[in-house]
Amino acid sequence: LQQAHHWGCAGQCEALAGAGDAASSTPLSIPVPTVNAFWVTVQRTEAAERCELRGTYVLKAERDSLVLKDPRTNEILYIWPYRLLRRYGRDKVG
C-alpha cells in the first residue's frame, strides 16, 4: 500500500454514482449486481484541505476497509479501516 494514508485524514465525500459487475448466474437464478466502487466528489472542508483532497475520486468498499483511489492512476490515497469509522448521525461528539 506504498504511501497510502491510514485513517489520518477524514475527507468528507459525497457518493455520486456506482458501477459493479453482475454476479454469475444460472438459468434458474437472477443475477445480483455487486457494487463496491463509487465515484465520489470531495466537499471543501478544512479536513479535505489538510489532506490535499479536491475533485473526484473512486471510493471502494474492501473486505475490512474503505479505500480512496485516484481515478487516473488507480493509486491508493487513503485507507479507512471499518473498525475506526463512526456511524454517521450516531456519534455524540462534544
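Residues numbered from 1 in each chain as written. Predicted model: local features only at pLDDT ≥ 70, side-chain atom pairs only at ≥ 80, totals over all residues. Heavy atoms only, no water.

- The protein chain carries the name DOK1 protein in an unreviewed UniProt entry, which gives Centropus bengalensis as its organism.

1. Details of the pairing of strand S6 (residues 76–81)
Phase 1: Burial analysis of S6 places five of its six residues in the buried class, which makes it a mostly covered element.
Phase 2: Strand direction decides the pairing type here: strand S5 (residues 65–69) and S6, joined by five bridges, are antiparallel. Residue pairing across strands places Lys 69 opposite Ile 76, the latter belonging to S6.
Phase 3: Where S5 folds back on S6, the antiparallel hairpin that results is connected by six residues, among which Asn 74 adopts a positive phi of roughly 65°. (Buried < 20%, exposed > 50% of the residue type's maximum accessible area, 1.4 Å probe, protein only. Helix = DSSP H or I, 4+ residues; strand = E, 2+ residues; numbered from the N terminus. Pairing = 2+ DSSP bridges.)

2. Considering the confidence of the model for the protein chain
Phase 1: Confidence along the protein chain averages 73 in pLDDT terms, with 56% of residues attaining 70 or more.
Phase 2: For the stretch residues 1–26, pLDDT sits under 50, and the model shows 60 contacts to residues farther than four places along the chain or on other chains. (pLDDT = per-residue confidence, 0-100. Contact = heavy atoms within 4.5 Å.)

3. Some points on the nonpolar core
Phase 1: Formed by Val 40, Val 42, Ala 48, Cys 51, Leu 53, Tyr 57, Leu 59, Leu 68, Leu 77, Tyr 78 and Trp 80, the largest nonpolar core amounts to 11 residues.
Phase 2: Mapped onto this core, the elements with two or more residues apiece are strand S3 (33–42), strand S4 (55–61) and S6.
Phase 3: If you tally residues by element for this core, the top one is S6, at three residues. (Core = buried A, V, L, I, M, F, W, Y, C linked by side-chain atoms within 4.5 Å.)

4. Comments concerning the packing of aromatic side chains
Phase 1: With the rule as written, the count across this model stands at one aromatic pair.
Phase 2: With a centroid separation of 5.9 Å and an interplanar angle of 20°, the aromatic rings of Tyr 78 and Trp 80 are classed as stacked. Per residue, the accessibility class of Tyr 78 equals that of Trp 80, and both read buried. (Phe/Tyr/Trp six-rings, centres within 6.5 Å; stacked < 30°, edge-to-face > 60°.)

5. What about the pattern of salt bridges?
Phase 1: Applying the stated rule across the entire model yields three salt bridges.
Phase 2: Between Arg 54 and Glu 49 there is a salt bridge whose closest N-O contact spans 3.5 Å.
Phase 3: What makes Arg 54 exposed here is its relative accessible area of 53%.
Phase 4: A salt bridge links Glu 62 to Lys 60, with the nearest nitrogen and oxygen atoms 3.8 Å apart.
Phase 5: Note on Lys 60: relative accessible area 24%, which makes it partly exposed. (Salt bridge = Lys/Arg side-chain N within 4 Å of Asp/Glu carboxyl O.)

6. Let's talk about the side chain of Lys 69
Phase 1: With respect to the helices and strands, Lys 69 occurs in strand S5.
Phase 2: Although buried, Lys 69 forms no salt bridge, and the nearest oppositely charged side chain, Glu 62, lies 5.0 Å from it.
Phase 3: Lys 69 has contacts with Tyr 57, Val 58, Lys 60, Asn 74, Glu 75, Ile 76 and Leu 77, leaving out every residue within four places of it along the chain. (Lys, Arg positive; Asp, Glu negative; His and termini not counted.)

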